[in-house]
Amino acid sequence: MNKLVLLSFLILITNVTVAQNHSVFGRWRTIDDETGKATSVIEIFEKHNRIYGRIIELLNSKARNPKCEKCDGDDKNKPIIGLIVLRGLKKDKDGSYSDGKILDPKHGKVYKCNLSLETRDKLKVRGFIGINLLGRTQFWERVKG
């Protein structure tokens, strides 16, 4: 019994350590939380100690050069490919990222955003209004290669 508890504890600690030692930087395939289908590829990068993400590819898009028609401000009518959709996230002590914004180009809405690595190749993306409880979560997959 004690060996089973110890083994379970070691596996838990290993998973937490592995997740914290990997980076969110790179290319991620977005998965729509409503349809379960991949929709785009986002490249996450750092600029001035903050995390940003831009759309570098649209998957299954019927439009040739879609624009963000429903966006406001500077993003209005910008091409979706190249659009910055993650903005200004900062790294927390626990290895997650918070205090950022995420743009939904489909609806033109901007939400508060948090990111955390679930595993090396799975990113939890939480967009919300006001408090974290009022929002949606997506799990993005790392693009390999």
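Refer to the structure printed above.
Keep in mind it's a predicted model, so treat the numbers as computed, not measured.

Q: Explanation requested: unusual backbone geometry in the structure shown.
A: Excluding glycine, most residues fall at negative phi; most peptide bonds, likewise, are trans. With phi around 55°, His48 is a residue other than glycine that occupies positive phi space. For His48, the position within the fold is in the loop between strand S2 (38-47) and strand S3 (50-58). Phi at Asp99 is positive, roughly 60°, even though this residue is not glycine. Mapped onto the secondary structure, Asp99 falls in strand S5 (residues 97-104). The exposure class of Asp99 is exposed, given its relative accessible area of 53%.

Q: Teacher, can you tell me more about the nonpolar core here?
A: Side chains of a nonpolar character, in soluble globular proteins, are inclined to be buried together. Judged by nonpolar contacts, the single largest core of 22 residues is most densely connected at Ile44, Leu86, Leu115, Leu123 and Trp140. Contributing elements (two or more residues each) for this core: S2, S3, strand S4 (84-91), S5, strand S6 (109-119) and strand S7 (122-128). Sequence-distant contacts of Leu115, defined by excluding residues within four places in its chain, comprise Ile51, Leu86, Leu89, Ser96, Tyr97, Leu123, Lys124 and Val125.

Q: Honestly, the packing of aromatic side chains in this entry has me stumped. Any pointers?
A: Think of a pair of aromatic rings as described by two things: how far the centres are apart, and how the planes are tilted against each other in angle. All chains considered together, the criterion is met by one aromatic pair. The interplanar angle of 25° and the centroid separation of 6.0 Å between the aromatic rings of Phe45 and Tyr52 together place this pair among those described as stacked.

Q: I keep staring at the pairing of strand S8 (residues 135-142) and nothing clicks. Help me out?
A: On any regular strand, side chains alternate: one points to one face of the sheet, the next to the other face. Of the pairings in the sheet, the one linking strand S1 (residues 26-31) to S8 comprises two bridges and is antiparallel in character. Bridge pairing in S8 places Trp28 opposite Arg142. Direction of pairing for S7 relative to S8: antiparallel, over a ladder of seven bridges. Within S8, the position partnered with Gly127 by the bridge is Arg136.

Q: Whenever I open this one, the pairing of S3 confuses me. Can you help?
A: By the bridge criterion, eight bridges tie S2 to S3 in an arrangement that is antiparallel. If you follow Ser40 over to S3, its bridge partner there is Leu58. Connecting S2 to the antiparallel partner S3 that follows it, the hairpin turn spans two residues, and His48 within it adopts a positive phi of roughly 55°. Bridging between S3 and S4 involves three bridges; their strand directions are antiparallel. Among the inter-strand pairings, Ile51 is bridged to a residue of S4, identified as Leu89.

Q: Where do I start with the sheet that holds S1 in this structure?
A: Across a sheet, strands are paired by hydrogen bonds formed along the backbone, either parallel or antiparallel in direction. Taken in spatial order, the eight strands of this closed barrel run S1-S2-S3-S4-S5-S6-S7-S8, and their pairing is antiparallel. Ignoring which end each strand starts from, the neighbouring axes of this sheet average 30° apart. As paired elements, S1 and S2 share six bridges and run antiparallel to each other. Looking at S2, one finds that Thr30 is bridged to Ser40.

Criteria and thresholds
- Note on numbering: residues in each chain are counted from 1, in written sequence order.
- Under the rules for a predicted model, residues below a pLDDT of 70 receive no local features and side-chain atom pairs below 80 are neither given nor counted, while totals for whole chains, interfaces and linings still include all residues.
- As a rule here, side-chain values cover all heavy atoms of the structure and leave hydrogens and water aside.
- Each helix is a run of DSSP H or I of at least 4 residues and each strand a run of E of at least 2, with the numbering of both proceeding from the N terminus.
- Remark: exposure states derive from per-residue accessible area (1.4 Å probe, protein chains only) relative to the maximum for the residue type, with buried under 20%, exposed over 50%, and partly exposed in between.
- Nonpolar cores were defined as sets of buried Ala, Val, Leu, Ile, Met, Phe, Trp, Tyr and Cys residues, with membership established by side-chain atoms within 4.5 Å.
- When checking whether two residues touch, look at their non-hydrogen atoms; a contact exists if any pair is within 4.5 Å.
- Centres within 6.5 Å make a pair out of two Phe, Tyr or Trp rings, where for Trp the six-membered ring is used; the pair is then stacked when the planes are under 30 degrees apart, edge-to-face when over 60, and tilted otherwise.
- Whether two strands pair depends on DSSP finding at least two bridges between them.
- The axes are straight lines fitted to the C-alpha atoms, using for helices just the contacting stretch, and the angles between their N-to-C directions are given from 0 to 180°.

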